[in-house]
2 protein chains.
Amino acid sequence: MRILLLGFGHVGRMLASILSSEQNVHHKIRQLDATVVGIVTLEHGCLYNPHGISLAEALEQYRIRGGFLPTAAGSKPRSALEAVESVDYDVLVELTTLSIEHGGEPALSHLRAALRRSKHVVCANKGPLAFAYQELRGLARSSCRQLLFESTVMDGAPVFSLARNGLRGCTVKALSGILNSTTTYVLSQMERGFSLSSAVEHAQQAGFAERQPRHDLEGWDAAAKICVLWNALADANITPHDVERSGITHITPAIAQEAVARSRPIRLVARAWTEAGRPRAVVRPEEIPLSDPLSVVSGTGAALRIETDCMNPILIMQEHPSVLDTAYGVLNDLLLVSEAATP
Amino acid sequence: MRILLLGFGHVGRMLASILSSEQNVHHKIRQLDATVVGIVTLEHGCLYNPHGISLAEALEQYRIRGGFLPTAAGSKPRSALEAVESVDYDVLVELTTLSIEHGGEPALSHLRAALRRSKHVVCANKGPLAFAYQELRGLARSSCRQLLFESTVMDGAPVFSLARNGLRGCTVKALSGILNSTTTYVLSQMERGFSLSSAVEHAQQAGFAERQPRHDLEGWDAAAKICVLWNALADANITPHDVERSGITHITPAIAQEAVARSRPIRLVARAWTEAGRPRAVVRPEEIPLSDPLSVVSGTGAALRIETDCMNPILIMQEHPSVLDTAYGVLNDLLLVSEAATP
């Protein structure tokens, strides 16, 4: 399986490290027989080798230089889109970061171009699925290719897999979850008396908050996630602009502490459901009673409640996910592509 | 798809009611095109019709008489095993109740006989999978038939489906969960001051505790469940007799209340893991700190934590499952059989 990898941040490097591990004990991962033929970053250069890049060398080069050496002009595609459109590969793995401002671009164009070339797509970037789900789904269907995105939500916990395989015959009626770890962490810290800004600083030092945490704190990240979930699980087509959204920037330590004192901690909750035949989605801070399993979510944890017409609600929960989980979510998708391709 | 149904208790009747629903809005369930050619109970008679039993009539007959009319001697198989061995069907749906004393029998013999005849098996009875997992798995593999049992654990919440599809390439390292609702309910009631016997009576009145609650209270039910889980998820072959087991009969309201006062409610926890290359499984009452999501499980809820070598732990949780969920677990398995059969 020839992979074109877009993005080489934490997740990309973890994936490369798993795929390149010499002592890889995982039978199935070895069976994947993955060859990375290109690594393209948006700002730190690119690498190509039609016979397979040495991932160990790529990791070492990136570690030392913070990027790849400039490519000789003219000989190789210089942009990610050019690479998607011209390199010879089987699966596009899109790991660039979410852009709300640009409506999921440039990742959306990468996915479109790959699907139009009848390539499989594994995407960890929420943007394209949050902004253009039905279009991409349609492209994938018409070219009979896989469009998988397990790592867009809950760091690779198998939420989409669960819905595809475990809820056959059911219609998803409502979703509710705590999907953004920065706000959960910040709210937990405020409960202990820290200010918003110092809590954000802690989260950045711990490595899971973005340098620009606005997307997290204002609820855009959670909004994008609930869109991907609702689009995929309820076959809808909402975008983050359809989500009624309020963030946590108005919450103070006093408010957070007072809520905890009443046994109702505040968390940023994302919800989606159908109302009068139309999809509705909301992201807002809510007080959660301790009897609700969502109230246990703390630190970098996450949880999602799925309500269907056939079963009583089920929840899937992560206690302390890391970049490892996101990388394994991508790997799980790659294994599914590989299984589907092997009759 | 021609179904032979063994057992017509709460789950069997709910399944029949879903399958027979005239106003069935579920596209996929209609597509299943299920024809029940036999319903065999262990004590309440049987019904056969190679062209399909009217499930509405069967439900009505059962409601009025508490069973089916005696079959004319000689003309029809009179025992479940005879039916499994002689009736013409595609899928055996085994819904009889767990027998620890008889090592999973007679359900185990039903499954063996069906798989030897190259029939698919969907089983909600824990016994056969808890006592003879590898043998049955081997029979299913060698006849290229499906052996599915989603409803054996957590009332049909898609635990096995999640493990099959969402954890590709991972090795399951440990499981821990609260899997028996009677003990959870009884412990919750004891926290409120009720005695063990009156709590059991409540649970029986509410309809989810067995008339003979010994299996639940002594941990046999949870032991059987952790065996099915560990056997299927870790490809092992343990039986309930391999489980270090202690129940909750020695817990008093005072003990339960004192634990809650220390913010560590007692729950019956089932665990399995590998130690020095050998499987270990334990069922015992444990004090659970409130920071552990398992502590939120109350009433008829259940939860399972899955630890693998690839990802940080994930949890799947049910808040208030009912017989509806168990029946839909069986249906989800039937839909998978049907999909796998349609290329």
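All figures in this text were calculated on a predicted structure; none of them were measured in a lab. (Residues numbered from 1 in each chain as written. Chains lettered and ligands numbered in written order. Predicted model: local features only at pLDDT ≥ 70, side-chain atom pairs only at ≥ 80, totals over all residues.)

Trainee: It is not clear to me how the confidence of the model for chain A should be interpreted in this structure. Could you clarify?
Mentor: The predicted coordinates should not be examined in detail at positions where pLDDT is low. This prediction gives chain A a mean pLDDT of 92; 97% of its residues lie at or above 70. For this predicted complex, the interface score ipTM comes out at 0.94, alongside a pTM of 0.95. (pLDDT = per-residue confidence, 0-100.)

Trainee: Before we go on, may I ask you to explain the domain arrangement of chain A in this structure?
Mentor: Often, the extent of an interface is quoted as the loss of accessible area on bringing the components together. All names here are of chain A. Looking at the assigned domains, one finds that chain A contains domain 1 (2-156 + 324-341) and domain 2 (165-320). The centre of domain 1, based on its C-alpha atoms, is set 27 Å off from the matching centre of domain 2. Counting only elements with at least two residues in the side of domain 1 that touches domain 2, the list comes to α6 (126-131) and α7 (133-142). Element by element, the count of residues in the side of domain 1 that touches domain 2 is highest for α6, at five residues. (Domains from an automatic or database assignment. Helix = DSSP H or I, 4+ residues; strand = E, 2+ residues; numbered from the N terminus.)

Trainee: What am I meant to see in the interface of chain A and chain B here?
Mentor: Contact with chain A, which involves 35 residues of that partner, is made by 35 residues of chain B. Sorting the residues of the side of chain A that touches chain B by element identifies α2 (27-32), α8 (159-166), β12 (314-318) and α14 (323-341) of chain A as the ones contributing at least two each. Top element by residues in the side of chain A that touches chain B is α14(A). It accounts for seven residues. Looking at the side of chain A that touches chain B residue by residue, the classes come out as 20 nonpolar, 11 polar and four charged. Pairing analysis gives five bridges linking β12(A) to strand β12 (residues 314-318) of chain B, with the strands arranged antiparallel. Residue Ile316(A) lies in a different strand from β12(B), and its bridge partner there is Ile316(B). (Contact = placed C-beta atoms within 7 Å. Nonpolar A, V, L, I, M, F, W, Y, C, P; charged D, E, K, R; others polar. Pairing = 2+ DSSP bridges.)

Trainee: Please explain the relation of the copies chain A and chain B as it appears in this structure.
Mentor: The pair of chain copies shares a relation made of a rotation about an axis and a shift along it. Once turned by 180° and shifted 0.0 Å along the axis, chain A lies on chain B with an RMSD of 0.0 Å. The two molecules are tied by a two-fold rotation axis, judged by turn and shift. The rotation axis passes nearest to the C-alpha of Ile316(A) in chain A, at a distance of 2.3 Å. The overlap is high: 100% of the interface residues of chain A also sit at the interface in chain B, so the same surface is used on both sides. (Least-squares fit on C-alpha atoms with pLDDT ≥ 70 in both.)

Trainee: How should the packing of α8(A) against helix α8 (residues 159-166) of chain B be read in this particular structure?
Mentor: The geometry of a pair of packed helices is captured by two quantities: the angle between their axes and the separation between those axes. It is at 9 Å that the axes of α8(A) and α8(B) come closest, and there the two elements cross at 120°. Classified by the angle their axes make, α8(A) and α8(B) are oblique. Relative to α8(B), α8(A) is oriented so that their crossing is right-handed. Within the contact between the two elements, α8(A) uses Ser161(A), Leu162(A), Asn165(A) and Gly166(A) and α8(B) uses Ser161(B), Leu162(B), Asn165(B) and Gly166(B). Split into classes, the residues belonging to the contact of α8(A) with α8(B) amount to two nonpolar, six polar and no charged. (Axes fitted to C-alpha atoms, helices over the stretch in contact; angles between N-to-C directions. Parallel < 35°, antiparallel > 145°, perpendicular 65-115°, else oblique. Left-handed = near helix turned anticlockwise from the far one by under 90°.)

Trainee: I would appreciate a short explanation of unusual backbone geometry in the present structure.
Mentor: With the exception of glycine, most residues fall at negative phi, and the peptide bonds are largely trans. Residue and element names in this part refer to chain A. Glu105 connects to Pro106 through a cis peptide bond whose omega is 5°. Assignment of secondary structure puts Pro106 in the loop between β4 (91-94) and α5 (107-116). Although it is not a glycine, Cys144 sits at a positive phi angle of roughly 50°. Note on Cys144: 9 C-beta atoms within 10 Å, which makes it exposed. The phi angle at Asp235 is positive, at roughly 50°, despite the residue not being glycine. Locating Asp235 in the fold gives a position in the loop between α12 (220-233) and β8 (244-245). (Buried ≥ 20, exposed ≤ 12 C-beta atoms within 10 Å, placed from the backbone.)

Trainee: Any chance you could explain the pairing of strand β5 (residues 120-123) of chain B here in plain terms?
Mentor: Looking along a regular strand, one sees side chains alternate from face to face of the sheet. Residue and element names in this part refer to chain B. Burial of β5 is two-sided: the residues His120 and Val122 facing one way and the residues Val121 and Cys123 facing the other way are all buried. With four bridges joining them, strand β4 (residues 91-94) and β5 adopt parallel strand pairing. Counterpart to Glu94 in the pairing with β5 is Cys123. Regarding the hand of the β-α-β motif, the stretch spanning β4, helix α5 (residues 107-116) and β5 is right-handed. (Right-handed = clockwise from strand over helix to strand, strands pointing away.)

Trainee: So what exactly am I meant to see when it comes to the sheet that holds strand β2 (residues 35-40) of chain A here?
Mentor: Where strands meet in a sheet, backbone hydrogen bonds hold them as pairs that are either parallel or antiparallel. Residues and elements named next belong to chain A. A sheet is described by the order of its strands in space; here six strands give the open sequence β3-β2-β1-β4-β5-β6, paired in mixed fashion. Strands with a single pairing partner mark the edges of an open sheet, and in this sheet they are β3 (46-48) and β6 (147-148). Lying over the sheet, α5 contacts β1 (2-6), β4, β5 (120-123) and β6, oriented at roughly 170° with respect to β4.

Trainee: Explain helix α10 (residues 196-206) of chain A here, please?
Mentor: Each α-helix winds once per 3.6 residues, and so residues spaced three or four apart point in a common direction. Residues and elements named next belong to chain A. Residues Leu196, Ala199, Val200 and Ala203 constitute the buried set of α10. All buried residues of α10 project into a common sector of 100° when viewed along the axis, lining one side. Along α10, the residues that are exposed and aim more than 90 degrees away from the buried face are Ser197 and Gln205. Buried residues along α10 sit in contact with α9 (181-191). Following α10 by one or two positions, Gly207 adopts a phi angle in the positive range, close to 95°. (Arc of directions from axis to C-beta.)

Trainee: Where do I start with the sheet that holds strand β8 (residues 244-245) of chain B in this structure?
Mentor: The 12 strands are arranged β8(A)-β10(A)-β9(A)-β7(A)-β11(A)-β12(A)-β12(B)-β11(B)-β7(B)-β9(B)-β10(B)-β8(B) in an open sheet whose pairing can be described as mixed. Of all the strands in the sheet, the pair left with one neighbour each is β8 of chain A together with β8 of chain B. Note: β8(A) against strand β10 (residues 278-287) of chain A, two bridges, orientation parallel. Of the residues in β10(A), the one forming a bridge with Arg245(A) is Val283(A). Against the sheet, helix α9 (residues 181-191) of chain B contacts β7 (172-178), β9 (266-275) and β11 (302-308) of chain B, and its axis sits at roughly 140° relative to β9(B).

Trainee: Which parts of the structure should I look at to understand the pairing of strand β2 (residues 35-40) of chain B?
Mentor: All names here are of chain B. The element β2 is extensively covered by neighbouring structure, given that five of its six residues are classed as buried. The pairing of strand β1 (residues 2-6) with β2 spans five bridges and is classified as parallel. By the bridge assignment, Leu5 is partnered in β2 with Ile39. Judged from the three bridges that link them, β2 and strand β3 (residues 46-48) form a sheet pairing that is antiparallel. Residue pairing in the sheet places Val40 in a bridge with Cys46 of β3. Two successive antiparallel strands, β2 and β3, enclose a turn made up of five residues, where Gly45 displays a positive phi of approximately 85°.

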